[in-house]
Amino acid sequence: MNDWPEGRTPGRRDRYGAGSTSAEPESARPLPHVRRDGPPPQYRPPQGYDSPGALRNDAGGDGYNTGQVYGHGGGASGGTGGPAGRGRAPRAGAPDWRRRAKIGAIALVATLLAVGGGTYFWADGKMRREVDLGQVKDRPKAGEGTNYLIVGSDSREGLSDQDKKDLHTGSAEGKRTDSMMILHTGDNGTTMLSLPRDSYVTIPAFTGKESGKHFPAATHKLNQAYADGGPELLTQTIEYNTGLRIDHYAEIGFGGFRNLVDALGGVEMCLDKPLKDRDSGADFKAGCQELNGAQSLAFVRQRHQEADQDLGRMRNQQKFLNTLAKQAASPTTVLNPFRLYPVIGSGLDTLIVDKDMGLWDLMDMFWAMKGVTGGDGQQTTVPIANPNLPTRTDGVAVKWDMTKAKQLFGQLRDDEKVTVTGGSQ
């Protein structure tokens with residue numbers, strides 16, 4: 001009995017059930033509707049089939065579908081998806097240098113602000129605000145401009161026994177002033193006014209800080225006010241005798257002065273004549289030379305080779321401070337962080353200022369000192385009537401020419417152009 005369906009015989013294989021008997025695999029044989037010669041025909045969608053995703057017929061018009069689905073991936077028309085190797089990546093444009101420059105500038109400004117802000121808070125935190133001018137009594141009214149009282153003391157703070165020996169400072173107890181200057185800044189430039197430490201002046205009545213004892217007003221050397229009552233009594237004495245209100249106070253001792261100069265790498269000074277002083281340790285030849293910290297301290301302290309002793313020493317101090325400020329503000333220092341930060345650190349570690357002194361105030365003072373060197377101002381000394389005044393209890397002192405001195409103080413108080421010549425007559 002024939003089990004095969006009608007029309008089918010055992011000698012005829014079912015190509016879908018038993019497979020093909022051809023030596024060539026089924027998938028390799030060409031199908032009638034697929035063209036094998038020439039490039040693939042260009043596709044043209046039949047009328048009415050133009051919606052995305054619709055199955056399209058071959059452009060040959062034979063009615064057979066190619067099996068390609070359009071609208072779901074990239075094809076030869078330039079899509080970005082689809083099989084590997086199909087489609088075209090977008091072409092990279094030229095670099096946007098303007099945008100890059102803008103980003104770089106913003107990054108640079110942000111870095112500078114961060115560094116500048118960090119430096120400001122670091123420096124501000126190192127300031128030694130130890131002088132309270134609010135304790136000063138009977139103060140004069142504030143005038144025009146700003147007055148800084150700059151004091152160099154003989155403080156041995158931070159010095160070892162060997163340092164004291166090398167610097168010829170001795171080991172005297174207590175503190176005294178070694179130099180005093182009023183730096184006035186205003187609309188008429190800057191004036192640096194030196195006050196001799198041996199000036200014979202009136203010290204107002206005060207109460208001792210440690211003893212609590214009351215002392216009546218008396219006439220003594222200006223240096224005595226600092227020894228008896230520190231910066232506050234010194235400020236009160238200067239205000240009492242000049243009529244100038246002191247806005248800010250700054251003081252540096254021997255050790256701080258030496259360290260500041262050494263951090264700066266030395267200061268170049270030009271001397272008209274050789275100097276040698278056994279007491280201060282000064283021993284310099286004539287001409288231009290670089291002084292280190294110890295040599296600089298010896299230079300500003302020496303006075304025995306000066307014809308007018310203390311007055312000559314004040315001129316040297318003014319000259320040195322102006323040179324120091326100019327060199328500290330030079331590009332070789334300001335633009336070199338390896339030099340700038342040690343200079344700032346050394347100066348602030350030993351500089352004593354008043355409680356109201358801000359970092360910007362200190363910078364204004366520094367630039368004003370530099371300005372004197374650059375010609376934006378002048379240096380002078382309080383007018384002197386007698387540089388060798390004998391006194392009953394204080395030895396030889398310096399007497400001011402009060403007529404000229406009052407005129408000078410009035411010009412500074414009113415921020416007028418200074419026309420009074422200082423020094424001895």
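Before reading further, recall that the structure is shown in the block above.
Anyway, here's the lowdown on the structure attached to this text. (Residues numbered from 1 in each chain as written. Predicted model: local features only at pLDDT ≥ 70, side-chain atom pairs only at ≥ 80, totals over all residues. Heavy atoms only, no water.)

On to the sheet that holds strand 11 (residues 248-252), then. Ordered in space as 3-16-11-4-5-6-17, the 7 strands form an open sheet in which the pairing is mixed. This sheet does not close on itself; its edge strands, each paired only once, are strand 3 (128-131) and strand 17 (377-381). Averaged over neighbouring strand pairs, the angle between their axes works out to 25° when direction is ignored. The pairing of strand 5 (residues 177-186) with strand 6 (residues 189-194) spans 6 bridges and is classified as antiparallel. Following the sheet pairing, G186 is matched in strand 6 by G189. (Pairing = 2+ DSSP bridges. Helix = DSSP H or I, 4+ residues; strand = E, 2+ residues; numbered from the N terminus. Axes fitted to C-alpha atoms, helices over the stretch in contact; angles between N-to-C directions.)

Quick look at the pairing of strand 11 now. When a strand is regular, its side chains alternate between the sheet's two faces. With respect to burial, strand 11 is a largely interior element, 5 of its 5 residues being buried. Because side chains alternate across strand 11, one face comprises the buried residues H248, A250 and I252, and the other comprises Y249 and E251, equally buried. Sheet topology note: the strand 4 (residues 146-153)/strand 11 ladder contains 5 bridges and is parallel. When the sheet's bridge partners are listed, Y148 is paired in strand 11 with H248. Pairing of strand 11 with strand 16 (residues 352-354) involves 2 bridges; the strand directions are antiparallel. Within strand 16, the position partnered with E251 by the bridge is I352. (Buried < 20%, exposed > 50% of the residue type's maximum accessible area, 1.4 Å probe, protein only.)

Moving on, we get to the packing of helix 4 (residues 254-264) against helix 8 (residues 337-350). Viewed as axis vectors pointing N to C, helix 4 and helix 8 meet at an angle of 175°, and their least axial separation amounts to 8 Å. What the angle tells us is that helix 4 and helix 8 run roughly antiparallel. Judged by residue contacts, G256, N259, L260, A263 and L264 of helix 4 engage R339, P342, V343, S346, G347 and T350 from helix 8. (Parallel < 35°, antiparallel > 145°, perpendicular 65-115°, else oblique. Contact = heavy atoms within 4.5 Å.)

There is a patch of nonpolar side chains on the surface, built from W360, M363 and W367 and spanning about 350 Å² of accessible area. Locating W367 in the fold gives a position in helix 9 (residues 359-373). (Patch = residues over 30% accessible without salt bridge, like charges linked within 9 Å, V, L, I, M, F, W, Y side chains within 5 Å. Areas by Shrake-Rupley, 256 points an atom, 1.4 Å probe, with all protein chains shown as cover. Salt bridge = Lys/Arg side-chain N within 4 Å of Asp/Glu carboxyl O.)

Mapped onto the elements of the fold, D361 is located in helix 9. A relative accessible area of 23% means that D361 is categorised as partly exposed. Measuring from C-alpha to C-alpha, the distance between D361 and H248 comes to 8.4 Å, with 113 residues separating the pair along the chain. What D361 contacts, discounting residues up to four positions off in sequence, is Y148, H248 and D356. A distance of 2.9 Å separates the side chain of D361 from the backbone nitrogen of G358, its partner in a polar contact. (Polar contact = N/O pair within 3.5 Å; in protein donor to acceptor, adjacent residues only side chain to side chain.)

All right, on to helix 10 (residues 402-413) then. Residues lying three or four places apart along an α-helix face the same way, a consequence of the helix completing one turn every 3.6 residues. Across its 12 residues, helix 10 extends 16 Å between first and last C-alpha, which sits within 8% of the 16 Å expected from 1.5 Å per residue. Among the residues making up helix 10, those that are buried are A405, L408, F409, G410, Q411 and L412. The elements touched by buried residues of helix 10 are strand 5, strand 6, helix 3 (222-242), strand 18 (383-390) and strand 19 (396-400). D415 sits one or two positions beyond helix 10 and adopts a positive phi of about 55°. (Expected span 1.5 Å × (residues − 1).)

Here we come to unusual backbone geometry. A positive phi angle is found at D138, which is not glycine, with a value near 50°. Structurally, the position occupied by D138 is in the loop between strand 3 and strand 4. Given a relative accessible area of 75%, D138 falls into the exposed group. You will see that D415, though not glycine, has its phi angle at about 55°, which is positive.

Turning to the pattern of salt bridges, a few remarks are in order. Note on pairing: side chains with opposite charge can pair once their charged atoms come close. What the rule picks out here adds up to 4 salt bridges. Across the pair E130 and R128 runs a salt bridge whose closest N-O atoms are separated by 2.9 Å. Assessed through its relative accessible area of 18%, R128 is described here as buried. When the shortest N-O distance is used, the salt bridge between D414 and R413 registers 3.7 Å.

Note that N147 resides in strand 4. With near-sequence residues (within four places) excluded, N147 lies in contact with I182, L183, H184, L244, R245, I246, D247 and H248.

Time to look at the nonpolar core. Counting residues in hydrophobic clusters, the biggest one holds 40 residues, and the most contacted among them are L183, F284, F299, F320 and L324. Formed by 30 residues, the second largest nonpolar core is a distinct cluster that contains L195, Y249, I352 and L408. (Core = buried A, V, L, I, M, F, W, Y, C linked by side-chain atoms within 4.5 Å.)

Two elements in contact, helix 4 and helix 5 (residues 293-301), have axes whose closest approach is 8 Å; the angle formed by their N-to-C orientations is 125°. Our classification of the angle between helix 4 and helix 5 gives oblique. Considering only the axes of helix 4 and helix 5, their crossing is right-handed. On helix 5, the residues touching F254, F257, R258, V261 and D262 of helix 4 are G293, A294, S296, L297, V300 and R301. Looking at the contact of helix 4 with helix 5 residue by residue, the class counts come to 6 nonpolar, 2 polar and 3 charged. (Left-handed = near helix turned anticlockwise from the far one by under 90°. Nonpolar A, V, L, I, M, F, W, Y, C, P; charged D, E, K, R; others polar.)

So, to be careful, I would describe these as geometric facts and stop short of saying anything about function.
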